[in-house]
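# Descriptive structure summary
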Amino acid sequence: IMLTQSPATLSVTPGESISLSCRASQSISTNLHWYQQKPNESPRVLIKYASQSISGIPSRFSGSGSGTSYSFTISRVEAEDVATYYCQQGSSNPLTFGSGTKLEIK
Amino acid sequence: EVQLVESGGGLVQPGRSLKLSCAASGFTFSNYYMAWVRQAPKKGLEWVATISTSGSRTYYPDSVKGRFTISRDNAKSSLYLQMNSLKSEDTATYYCARHDYGGYSELDYWGQGVMVTVSS
């Protein structure tokens, strides 16, 4: 299953709200997880199963979607959110990741 | 506190072998599926392997199937990745990660990663 993320890069002003897209090549029935990877750090999970929150993750991170179309939203972007965001499907093997969206702060 | 610490990386020639290890602590290792994920320099994430709690089931993408073997020792709370017939395209940082529940669940904890460079 291929995952297509868009945009590849996003440059935003602190305080803006943004949405990232992840489209699957076939239905993955909300078996979709979102990760954040800050520069020179390991990835960390932010959202599981398309929209379920993760303990300890700020509530300004959220997800939605179904079927083949998913989105990840950051409400009120902060400077510390500079990172690459990846979606990953857990519907079938091989597990696959999207190519990532790099978030930059203006 | 959950900790995953990888070791065993380094420079290796094409065609040779290398074995990575991951020492787990802070949780009951035998209760969790575990995985390896890699990231080539300046590239995205690629899943490499997953192993069931008992080690009886393993899963790989085609890119490493037949060359890489994931294994675990629950008594030692350790995960391994035996990499054979290494190619230049295997050059990457390799992360050990824990599946939250089952082999399709999210990867909720990650190690710091270990670098593998395949070059002559």
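Presented here is an overview of the structure given in this document. (Residues numbered from 1 in each chain as written. Chains lettered and ligands numbered in written order. Predicted model: local features only at pLDDT ≥ 70, side-chain atom pairs only at ≥ 80, totals over all residues. Heavy atoms only, no water.)

Turning our eyes to something else, we now look at the state of the cysteines. Residues and elements named next belong to chain B. Using the criterion set out here, one finds two disulfides over all chains in the structure. Between the sulfur atoms of Cys-22 and its disulfide mate Cys-96 the distance is 2.1 Å. Handedness here is read from the sign of the S-S torsion; for Cys-22 and Cys-96, about -70°, the answer is left-handed. On the criterion of sequence distance, the pair formed by Cys-22 in strand S3 (residues 18-25) and Cys-96 in strand S9 (residues 92-99) is long-range, its members being 74 residues apart. What makes Cys-22 buried here is its relative accessible area of 0%. (Disulfide = S-S within 2.5 Å. Helix = DSSP H or I, 4+ residues; strand = E, 2+ residues; numbered from the N terminus. Buried < 20%, exposed > 50% of the residue type's maximum accessible area, 1.4 Å probe, protein only.)

Let's shift gears to the interface of chain A and chain B. In this assembly, 17 residues from chain A lie in contact with 22 residues from chain B. Surface buried jointly by chain A and chain B totals about 1,500 Å² across both partners, of which 60% is contributed by carbon and sulfur atoms. On the surface where chain A and chain B come into contact, there are two salt bridges. Note that Asp-100 of chain B is salt-bridged to Lys-48 of chain A, the shortest N-O span being 3.8 Å. (Contact = heavy atoms within 4.5 Å. Buried area = accessible area lost by both parts, 1.4 Å probe. Salt bridge = Lys/Arg side-chain N within 4 Å of Asp/Glu carboxyl O.)

In this section: the pattern of salt bridges. Pairing between side chains of opposite charge can happen when their charged atoms approach one another. Under the criterion given, the structure shown has 10 salt bridges over all chains. Linking Lys-48 of chain A and Glu-106 of chain B is a salt bridge whose minimum nitrogen-to-oxygen distance equals 3.9 Å. Note that Lys-48 of chain A is positioned in strand S5 (residues 44-48) and Glu-106 of chain B in the loop between S9 and strand S10 (107-110), a pairing that runs across two chains. Glu-106 of chain B matches Lys-48 of chain A in its accessibility class, with the two residues each being buried. A salt bridge links Arg-60 of chain A to Glu-80 of chain A, with the nearest nitrogen and oxygen atoms 3.4 Å apart. Residue Arg-60 of chain A is located in the loop between strand S6 (52-53) and strand S7 (61-66), and its partner Glu-80 of chain A is located in the loop between strand S8 (69-74) and strand S9 (83-89); the two are separated by 20 residues in the primary sequence. Overall, the relative accessible area of 48% leaves Glu-80 of chain A in the partly exposed class. Put simply, Arg-60, Glu-78, Glu-80 and Asp-81 of chain A are held in one network by salt bridges that share partners.

All names here are of chain A. Taken in spatial order, the four strands of this open sheet run S1-S3-S8-S7, and their pairing is antiparallel. Unpaired on one side and paired on the other, strand S1 (3-6) and S7 mark the two borders of the sheet. Looking at each pair of strands side by side, their axes are set apart by 20° on average, direction ignored. Bridge count for S1 against strand S3 (residues 18-24) is four bridges, and the pairing is antiparallel. Each bridged residue has a counterpart across the sheet, and for Ser-6 the counterpart in S3 is Ser-21. (Pairing = 2+ DSSP bridges. Axes fitted to C-alpha atoms, helices over the stretch in contact; angles between N-to-C directions.)

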